[in-house]
Amino acid sequence: MTHTPDGPAAEESAALHKKAWDVLVPARADYLAGVSPHYDEIFHDIAQRTEHAGSLGKTDIAALVVWKRLSAQTRWVTALMSLPDTQVRAVTERTVTAVRDTTLTRSEAARTGRGIIWELPGFRTGDALASAVLTAAAPKRMAVYDRRVQHALDTLGLTLTPTPGRYGRYLQLLETLLHHRPPHAGDWTARDLDTALYWTGTGPPAPAVTTQQHADQHKHTPAL
């Protein structure tokens, strides 16, 4: 249940959410215009496979690592790949069941699923890959989290601390935002919100350096 403050606190909260939506609606439009419609094909394929299989295997997780552009040159990858796929699927099957459990609130399901996937190597710190797995398991309920999303939340004045249980609190925050969705925003999902936050937190691209500019910079750089 979403707690709604009363009095001045309610007015302040309403103003904060309005400010957030004023940024997120155009950010979502810019995301759709600026990102290739084919970029998320890997994610959608995994979500469809998970819908039918009820679990994710090592191949699915490896594809999500690529999709999230995470480094595979880490010890946890070796540890995960050394496990039998049946063991990985046994854990992810429980995770899928948890995040799809509609008797739980969105944040409770997120917290439960995050606690289960923690059992696998690579999911014990950070929430980027874990959130991708949980979102592939329940794309209409869960949402992806990463440092760009965190930057956007900080920019919008929406508090999300890094203490344990962050992913569950993240989904509660998104639930609150959806509860205060303005009419012109349409029928957003948590996944729509995370893409808008991602785009908000990415920031403008660095200006490209032309060949001539590179040559000029090299020419004026003293030798060490």
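Procedures and definitions
All residue numbers here refer to positions counted from 1 along the written sequence of the relevant chain. For this predicted model, a pLDDT threshold of at least 70 governs which residues receive local features, and a threshold of 80 or more governs which side-chain atom pairs are given and counted, while totals over whole chains, interfaces and linings are taken from all residues. The basis for the side-chain values is all heavy atoms of the structure; hydrogens and waters are excluded. Only the stretch in contact is used when a helix axis is fitted, and all axes are lines through C-alpha atoms; the angle between N-to-C directions ranges over 0 to 180 degrees. The secondary structure listing takes helices from DSSP runs of H or I that are at least 4 residues long and strands from runs of E that are at least 2 residues long, numbered from the N terminus. In what follows, roughly perpendicular refers to angles from 65 to 115 degrees, roughly parallel to angles under 35, roughly antiparallel to angles over 145, and oblique to any angle outside these ranges. By definition, any crossing whose near helix is turned counterclockwise from its far helix by less than a right angle is left-handed, and any crossing with a clockwise turn is right-handed. The contact criterion used throughout is that any non-hydrogen atoms of two residues lie within 4.5 Å. Polarity classes work like this: nonpolar for Ala, Val, Leu, Ile, Met, Phe, Trp, Tyr, Cys and Pro, charged for Asp, Glu, Lys and Arg, and polar for all others, with Gly in that last group. By convention a nonpolar core is built from buried Ala, Val, Leu, Ile, Met, Phe, Trp, Tyr and Cys residues, the set being connected through side-chain atoms within 4.5 Å. To sort residues, take the accessible area from a 1.4 Å probe on protein chains only and compare it with the maximum for the residue type: under 20% means buried, over 50% means exposed, and anything in between is partly exposed. A residue's pLDDT is the predictor's confidence in that residue, given on a scale from 0 to 100.

Attention shifts here to the packing of helix H6 (residues 106–117) against helix H9 (residues 166–179). As a packed pair, H6 and H9 sit with axes 8 Å apart at the nearest point and diverge in direction by 160 degrees. By the criterion of interaxial angle, the relationship of H6 to H9 is roughly antiparallel. Note that H6 runs across H9; the crossing there is right-handed. The segment H6 lies against H9, with Arg106, Ser107, Ala110, Arg111 and Arg114 engaging Tyr167, Gly168, Leu171, Gln172, Glu175 and Leu178. Looking at the contact of H6 with H9, its residues break down into four nonpolar, three polar and four charged.

So, on to the nonpolar core. If you look at the biggest cluster of nonpolar residues, it comprises 59 residues, and the most contacted ones within it are Leu24, Leu64, Met142, Tyr170, Leu174, Leu177 and Leu197. The contacts of Leu177, once residues within four sequence positions are left out, are His17, Ala20, Trp21, Leu24, Leu158 and Leu193.

So, on to the confidence of the model for the protein. Mean pLDDT over the protein stands at 88; residues scoring 70 or higher make up 87%. For the protein, helix H11 (residues 211–219) is the element with the lowest average pLDDT, namely 39, and helix H5 (residues 85–99) is the one with the highest, namely 98. Low pLDDT (under 50) marks residues 204–224, which in the prediction has three contacts with non-local residues, meaning those over four places away or in another chain.

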